Amino acid sequence: MGRPRMLNAGGIDSIAEEPHPPRADGGDPAALACAISAEASAVLAVMRRSLRHPRAAADDAAADHPLVSSLKALRRLVFSPAAAASPSLPAATLRPFLDAVRSEEANAAVTSASLAALHEVMALTGHSLPGSALREVVDAVASCRFEAGAEAAAEEAVLMRMLQALLACLRAPAAPALGDQHVCTAVNTCFRVVHQAAAKGELLQRFSRHAMHELVRLVFARLPLIGGADAEDAAVKPEMSGMDKNHPFGIGQMVNGNGGYASEAGIPNENSADESGLAVDPYGIPCMVEIFHFLCSLLNVAEQIGFDEDLPLFALKLINSAIELGGSAIAKHPKLLSLVQDELFRNLMQFGLSISPLILSMVCSIVLNLYHHLRSELKMQLEAFFCCIILRLSQPRFGATYHQQEVAMETLVDFCRQKNFMVEMYANLDCDITCRNVFEELANLLSKSAFPINCPLSSMHILALEGLIAVIQGMADRIGNATSRPELRPVELDEYAPFWTVKCENFLVPQHWVKFVRQRKYVKRRLMIGADHFNRDPKKGLEFLQGNHLLPEKLDPQSVACFFRFTAGLDKNLVGDFLGNHDEFCVQVLHEFAQTFDFEEMNLDTALRLFLETFRLPGESQKIQRVLEAFSDRYYEQAPQAFANKDTALLLSYSIIMLNTDQHNMQVKKKMTEEDFIKNNRNINGGNDLPREMLSELYHAICRNEIKTTPEQGMGYSEMSPSRWIDLMRKSKSTPPYIVSDSQPVLDHDMFAIMSGPTIAAIAVVFDHSEHEEVLLTCVDGFLGIAKISAFHHLEDVLDDLVVSLCKFTTLLNTSLVEEPVTAFGDDLKARLATETLFTIANRYGDYIRTGWRNILDCILRLHKLGLLPARVASDAADDSEVSNETVQGKPAPSSISTSHIPVMGTPRKSSGLMGRFSQLLSLDSEEPRSQPTEQQLAAHQRTLQTIQKCRIDSIFTESKFLQPDSLLQLARALIWAAGRPQKVASSPDDEDTAVFCLELLIAITLNNRDRIVLLWQGVYEHIANIVQSTVMPCALVEKAIFGLLRICQRLLPYKENLADELLRSLQLVLKLDARVADAYCENITQEVARLVKANAGHIKSQMGWRTVVLLLSITARHPDASGVGFEAIMFIMSEGHLSKSNYPFCIEASRQFAESRVGLTERSIRALDLMADSVSNLAWWSQDTQGPEGGGAKSRISFTAAMPNGNRRNMEGSLVLAVRLVAKVYLQLLPDLFGLSSFCKLWLGVLSRMEKYIKIKLRGKRSDKLQELIPELLRNILVAMKSRGILAKRSTIGGDSLWELTWLHVNNISTGLQSEVFPSQEYEQPNNIGNPRGVTNVEAQN
């Protein structure tokens, strides 16, 4: 017998898929009659030549065979006008041909011609053929007989015509009226032809398999059209004779006794509507159940010797087609669904470990289709498939061949491409304490499989990478579907609750099941940690679980038993010892442990296998006794009908253990026979014998399949044994419903946290080892997907790890000496892709980068050193609108341009910017001859420039105002860190250039984030202060620091009034500059301060702020280059309406310094004095505007005191004269107002003290004659005015008059004759209208 060929070979599709010929009648009865008559004539012609019948010598017509007569009658019938109008004509036209097909006297040629004519007539009349006619056709084809001895070619032609007729029946419009029985008959007949074709030609083999495939597709294509079919399922007949199962492959005898083709199901149905008049229901679920069951039965060949893969492969293809067409409608019909869940999946689990790649591939395709259509009904089956097949075959350590590994990995990748596969595995299995962590194990498998360990990158590594990328892409797509970021709170257990009893309120509402599964995952993790503790110390392990509210504070047997039963990763030796212990509590735990098993309707050996798989059976006989007693009690409780009492179960269990040891222990030489086993178990069933069949079955089951008394430790990938399958089916009935994801990222945070580390490492390794652009681009997609997920779920650590990996691939951090690093970078596709990806992530997801900014800055600094950065990288966004050509005394202000454009002294930088670097390459005008760059070098440089432009590095800083606060702060800290210590910077030009560049960037982001200056200011100020205080010589860094600080103040003062004092206080750093540094930059500093004053004078409110600004201007009075700008700024303040009570003393002091300065023209000093004189009007105005008695007087006191020159000065005679005159004049003008102040006495005594001091001052070694004359005269005028107003008079009060006494104490030191001049008559009484000065006390006068 030959082998059937594969169905996918060419040469048959054109025949099988040939469309039905068009109707010949075109609606014309006459044309139809002609066509039918022609077919009948063709068959008659073959009959006359081939048919054996009695022949009369004279009259052939009288000797016509019945088949010939019926055909001739058909020809007459079709031309009859009455028959043409009859609705029974289509069926009647088929009967002569059907009679010929059934006839045993017809040879192969006649049968073939009849089948061909039958097919043609069906095509002509198919639209009007009733179901009864189709049933007749099926019956006739199934009972097709022809005489033996036909040639092989003729026989093959007959078989092909049979298949065509069956296909025509199932394709006819009235095909549903065939009924279940006839559909099964058609499929069975077709399968018999498939089997017989194995010994025939290749064409027949292919066509027969295709026909069988097409029949199955036609049948199951109707399944989605059938509604919920509980009633139809119940209508399935107990016995359907359509499918023959006598043969092991479902194949009956093909050849009858006469050598013709026969079918056991070929007898026409006597109860059909044609003969009995009974109506036949349309075919539906009953025949589909029968056919599907038949196809599944074709897979029960795994244990046969000489296994041929063709038949199961063919069956698997048919099953796959049935599932593809039936789809989710299978779930509506319990019988079909039950076949899928149990029989089909059990066979798939066996064939899944096949060494044949074809079978394995088809098994995986079926499971993928089942997942797509029926996953909500196959939760436990899918877990078994991945754990026992995919995870086992994907790893070579389990003995899988390379082809098996490849098919398994391809299947896993296909599953990963299902958008919600991984999240559903996580929700349904990883978050179920009774299931494996399938998602975690699959993710780890993909990550490990992508690592090329000690080998070059292979297709398997790329395949695993595609799976990882598919998982990442699925998460990224769910982010796109998200309406908002899910708020996931940390899971905690506040109190103990039996973890095995917690239920979900509603698995259809995400708000309920998300919280439920996350809590279950938390419990599962804690249980596994507890298992790890238990494996090291059982007591501490239980205490750990109690502390985490997973076990009650007072242990009870049930909770400990459930911990042993449902926790993976326990040391089964320790569990066995605990359960076998004689302690009363341990015995109670053992019995509770046995109660967690369901042994109902289960064989004893199967139940014992399941029980002993959960722990290692102790070696001591007493412990074995206790364990088996608990098992026997539970088994007998659920199967009391099996034995007379529970002792029987115990004794038989002992016997099974002994048999298992005897049969599978290598040290036992003489094995127990079946008779020995039966003899050992006599009279144990309540004094009676157990059925011999039962004992025999037990004996052979143990001999064939050992009971593992030392089960595998940990989480291995074991094969699916029959006992495990039975247990799986039990669990599937009680497991929680399958959760179908709704494409929202509700669990992606937890999932990604599990797989992110290995995934990044795996993609990075593939990226490192690959040189193919397609693979590199795939890795880039993975990197971007990881960044998107990390940003959405706020996983900053993951994003930082990704940034670190990408920075390594940019090659920018490689400090090895390369002659042409720019050219090398342009030639390195991997480095360019990594750089683009790195800066794409920095621009898109910078909000969630933390420590990764340091690595990014390292790359930016490297590009800066190579001169590849755009010119605007260190500029701030407002530069374009704020660039000004303002000048001070004809010199441009440094801050009128971008910070990056400020000239750097002593550090000439090479040509920077993209075009600068490119022009360097093209320039040949160097002092040393340079070779002409090659085209390859030019192209490499061009690629480098294009890459840097795509990176948009400048956007990182210009768009920093949109960064989240934490990320912005980390970016600023990274810049400060990258700049290094100022002491170190001074030792290296490269370090100084780096520090300057970092400072430029820091200033840029500070200016860009003026609304968040509070966040950055402290770090920026400390960094600048560190530079200023540690620099003793002029350099680019300190210059950048000084002018950057001034620029910050200029830009931020108008917007941050609450920080004005803080900003202006920072300018005190300029006062702390080393003398050499301050002298080098004094002019530019003064220009900047002048610009600050002119632009922001109205924003400076506080006395401290004015003090700092005016002090910076006043110190320029002695600087030859800066004094002019400084004085103009003072003039601006004092003459442009900016003079206030807050700045008046400082402005007067600054004017005095400019007046005394020997730098510049005398005109400047005179103007300074004029400013001081003109400011008196401000004092008068403030005095009149004073609301209270305190404010104006205090200011006046300060103003008078500040206006008087202080200290022993040389060549100051003119200034002192003017100052004394000014004080006297102001004092006299304001005397009425000043006298009313409580501080009048103190102010008056201050004026007298200054006059006393100045009259004694020595200028050029002698006292001034002018002052000797002027001061007594001015003082006399003041005393006269005070006397006339009654302010100065001797009062007759007890205790004396302090003002009178102190006044003359000072006056007598100035001029002894003034008292007698002003008060010649020693007037003691004061006018009645003048009172004592308020608040004048001895203490105050002394102050």
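Residues numbered from 1 in each chain as written. Predicted model: local features only at pLDDT ≥ 70, side-chain atom pairs only at ≥ 80, totals over all residues. Heavy atoms only, no water.

Another aspect to go through is the overall build of the protein chain. A count of helices and strands for the protein chain gives 63 helices and four strands. Evaluated residue by residue, the protein chain yields a buried proportion of 54% over its 1343 residues. Taking the contacts inside the protein chain whose residues are at least 6 apart along the sequence as the reference set, 77% of them involve residues at least 24 apart. (Helix = DSSP H or I, 4+ residues; strand = E, 2+ residues; numbered from the N terminus. Buried < 20%, exposed > 50% of the residue type's maximum accessible area, 1.4 Å probe, protein only. Contact = heavy atoms within 4.5 Å.)

We now examine the packing of aromatic side chains. Inspection of the entire model under this criterion finds 38 aromatic pairs. Summarising the aromatic geometry, the rings of Phe 593 and Phe 615 are spaced 5.9 Å apart at their centres and angled 75 degrees between planes, so their arrangement reads as edge-to-face. Taken as a pair, Phe 593 in helix H26 (residues 584-595) and Phe 615 in the loop between helix H27 (604-612) and helix H28 (621-638) lie far apart in primary sequence, 22 residues in all. Looking at Phe 615, the relative accessible area reads 0%, which means it is buried. By the ring-pair criterion, three or more aromatic residues cluster together here, those being Phe 593, Phe 597, Phe 599, Phe 611, Phe 615, Phe 631, Tyr 635 and Phe 643. The cationic tip of Arg 222 hangs over the ring face of Tyr 283; the distance from NZ or CZ to the ring centre is 5.2 Å. (Phe/Tyr/Trp six-rings, centres within 6.5 Å; stacked < 30°, edge-to-face > 60°. Lys NZ or Arg CZ within 6 Å of the ring centre and 35° of its normal.)

Relative to the assigned elements, Ile 976 resides in helix H43 (residues 965-979). Once the C-alpha coordinates of Ile 976 and Glu 1022 are considered, the two residues, 46 residues apart in sequence, prove to be 9.8 Å apart.

At a minimum axis distance of 9 Å, the contact between helix H59 (residues 1240-1255) and helix H61 (residues 1298-1310) shows a crossing angle of 10 degrees. In this view, H59 runs roughly parallel relative to H61, as classed from their interaxial angle. Where H59 approaches H61, its residues Cys 1241, Trp 1244, Leu 1245, Leu 1248, Ser 1249, Met 1251, Glu 1252 and Ile 1255 are matched on the opposing element by Leu 1299, Leu 1302, Thr 1303, His 1306, Val 1307, Asn 1309 and Ile 1310. Across the contact of H59 with H61, the residue classes tally to ten nonpolar, four polar and one charged. (Axes fitted to C-alpha atoms, helices over the stretch in contact; angles between N-to-C directions. Parallel < 35°, antiparallel > 145°, perpendicular 65-115°, else oblique. Nonpolar A, V, L, I, M, F, W, Y, C, P; charged D, E, K, R; others polar.)

A separate point is the pattern of salt bridges. On inspection of all chains with the given rule, the structure shows 31 salt bridges. The residue Arg 730 makes a salt bridge to Asp 598 at a minimum N-O spacing of 3.5 Å. Here Asp 598 lies in the loop between H26 and H27 and Arg 730 lies in helix H32 (residues 722-734), a separation of 132 residues in the sequence. Residue class for Asp 598 comes out partly exposed when judged on its relative accessible area of 34%. In this structure, Arg 724 engages Glu 613 in a salt bridge whose closest nitrogen and oxygen atoms are separated by 3.1 Å. Note that Arg 724 is positioned in helix H32 and Glu 613 in the loop between H27 and H28, a separation of 111 residues in sequence. Residue Arg 724 is classed as partly exposed on the basis of its relative accessible area, which comes to 27%. (Salt bridge = Lys/Arg side-chain N within 4 Å of Asp/Glu carboxyl O.)

Before going further, it helps to spend a moment on the environment of Met 475. Note on placement: Met 475 falls in helix H21 (residues 459-481). C-alpha separation for the pair Met 475 and Gln 744, spaced 269 residues apart in sequence, amounts to 9.0 Å. Residue contacts for Met 475: discarding those within four places in its chain leaves Asp 748, Met 751, Phe 752, Met 755 and Ile 789.

With that settled, consider unusual backbone geometry. Positive phi outside glycine occurs at His 794, with the angle close to 60 degrees. Mapped onto the elements of the fold, His 794 is located in the loop between helix H34 (773-792) and helix H35 (796-809).

Interpretation of the predicted coordinates at a detailed level should be avoided for regions scoring low in pLDDT. Confidence in the prediction of the protein chain, expressed as mean pLDDT, is 81, and 82% of residues score 70 or more. The model gives residues 1187-1204 a pLDDT under 50, and that stretch makes 28 contacts with residues more than four places away or in other chains. (pLDDT = per-residue confidence, 0-100.)

Attention shifts here to helix H5 (residues 89-102). Under the 1.5 Å per step criterion, the end-to-end length of H5 is 21 Å for 14 residues, consistent within 8% with the ideal 20 Å. In the structure, H5 departs most strongly from a straight axis at Arg 95, where the bend amounts to approximately 30 degrees and where the proline Pro 96 lies between one and four residues downstream. Summarising burial for H5: eleven of the 14 residues are buried, a large majority. Turning to H5, its buried residues number three or more, namely Leu 89, Pro 90, Ala 91, Ala 92, Thr 93, Leu 94, Pro 96, Phe 97, Leu 98, Ala 100 and Val 101. (Expected span 1.5 Å × (residues − 1). Bend = angle between axes of the 7 residues up to and from the residue.)

Further remarks concern the nonpolar core. Membership of the largest hydrophobic core comes to 316 residues, with the highest contact counts inside it found for Phe 292 and Phe 385. For this core, the element with the most residues is H21, which contributes twelve residues. Not counting residues within four places of it along the chain, the set of residues in contact with Phe 292 comprises Phe 220, Ile 319, Ala 322, Ile 323, Leu 336, Leu 339, Val 340 and Leu 344. Grouped together as the second largest cluster of nonpolar side chains are 64 residues, Phe 544, Leu 545, Cys 562 and Phe 593 included. (Core = buried A, V, L, I, M, F, W, Y, C linked by side-chain atoms within 4.5 Å.)

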